[in-house]
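Here's the letter readout for the chains.
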Amino acid sequence: MSGANKDILKVAMPKGRIYKQASKLFREAGLPIPSDFDDTRKLIIELPEVGMEFIMAKPVDVPTYVEYGVADIGIVGKDVLMEENKDVYELLDLGIAKCRMSVIGMPDWKPAINPRVATKYPNVASAYFREQGQQVEVIKLNGSIELAPMIGLADRIVDMVETGQTLRENGLVEMESIFGITSRLIANRVSYRMKNDAIQSLCDRLQGTLAARV
Ligand code: PRP
């Protein structure tokens, strides 16, 4: 079990591409995260000198850990927040891991009679097409979403575009951007009250660092 110490701030950190940018931001904010943590397979990283503990989570699970309070705060992309719709406080836009959620298709796309849309984000995609007044069948996939229109599983996809490299290399086109994505700092509702000083002071440090970056 982790975190017997109630004064420790437990932070759900997304593994992978957001971690790199988040740890850089934390270091700039004066929180010394040793660089040997960048490639570790450890799942719980203790940082007693700054009163924190990182829980290294799959990005999509970060809001779940925070909602249940096993993490006090977390870092998560707006894409996951929109899809998961968990009961957490969104405290701060960290401005990192910038990308966008888009509708993507083959260049020769034409409206189909029974359109199918593949995505890792079924809630986001369903809400978007409902708002557009378009009836579509949403197919949930877990990765390599771009394959779907290429091999005829779906005629369009809803997915994240960051550099556009995946689209270019697979001959796909971005048809519409739905919303912009950055990573956010979120908090558990009870932790936000019980550990308000620690959470607020971290927010202030991060906000100061972000302001100095612009
Ligand atoms: C994400 C996303 C796109 C790609 C976009 O996939 O689903 O496929 O990154 O990035 P780009 O615009 O810079 O090419 P991820 O790398 O997370 O892998 P996945 O296909 O397994 O979901």
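Keep in mind it's a predicted model, so treat the numbers as computed, not measured.

## Here we look at the sheet that holds strand E10 (residues 173–181)
- With mixed pairing, five strands are arranged side by side in an open sheet as E8-E7-E9-E6-E10. This sheet does not close on itself; its edge strands, each paired only once, are strand E8 (137–140) and E10. Between one strand axis and the next, the sheet turns through 25° on average, direction left out of account.
- Bridge analysis of strand E6 (residues 99–105) against strand E9 (residues 156–161) gives six bridges, and the strand direction is antiparallel. Bridge pairing in E9 links valine 103 to valine 158.

## Overview of the UniProt feature "domain: ATP phosphoribosyltransferase catalytic" (unreviewed entry) in the protein chain
- Using the residue numbers shown here, the UniProt feature "domain: ATP phosphoribosyltransferase catalytic" (unreviewed entry) corresponds to residues 58–208.
- Here residues 58–208 runs as 34% helix and 30% strand, with 28 Å between its end C-alpha atoms.

## A closer look at unusual backbone geometry
- Backbone geometry places asparagine 85, a non-glycine residue, at a positive phi of 50°.
- Here the phi dihedral of alanine 97 falls at roughly 55°; this positive angle occurs in a residue that is not glycine.

How each quantity is defined
- Residue positions are given per chain, counting from 1 as you read along its sequence in written order.
- Per-residue local features of the predicted model are confined to residues with pLDDT of at least 70, and side-chain atom pairs are confined, for both listing and counting, to 80 or more; whole-chain, interface and lining totals are unaffected and use all residues.
- For side-chain calculations, the full set of non-hydrogen atoms in the structure is used, while hydrogens and water are omitted.
- The pairing criterion is simple: DSSP has to find at least two bridges between the two strands.
- Counting from the N terminus, the helices are the DSSP runs of H or I reaching at least four residues and the strands are the DSSP runs of E reaching at least two.
- Axis geometry follows a simple rule: fit a line to the C-alpha atoms, using only the stretch in contact for helices, then measure angles between N-to-C directions, giving values from 0 to 180 degrees.
- UniProt positions are given in the numbering used here, feature names are shortened, and annotations may be inferred rather than shown by experiment.

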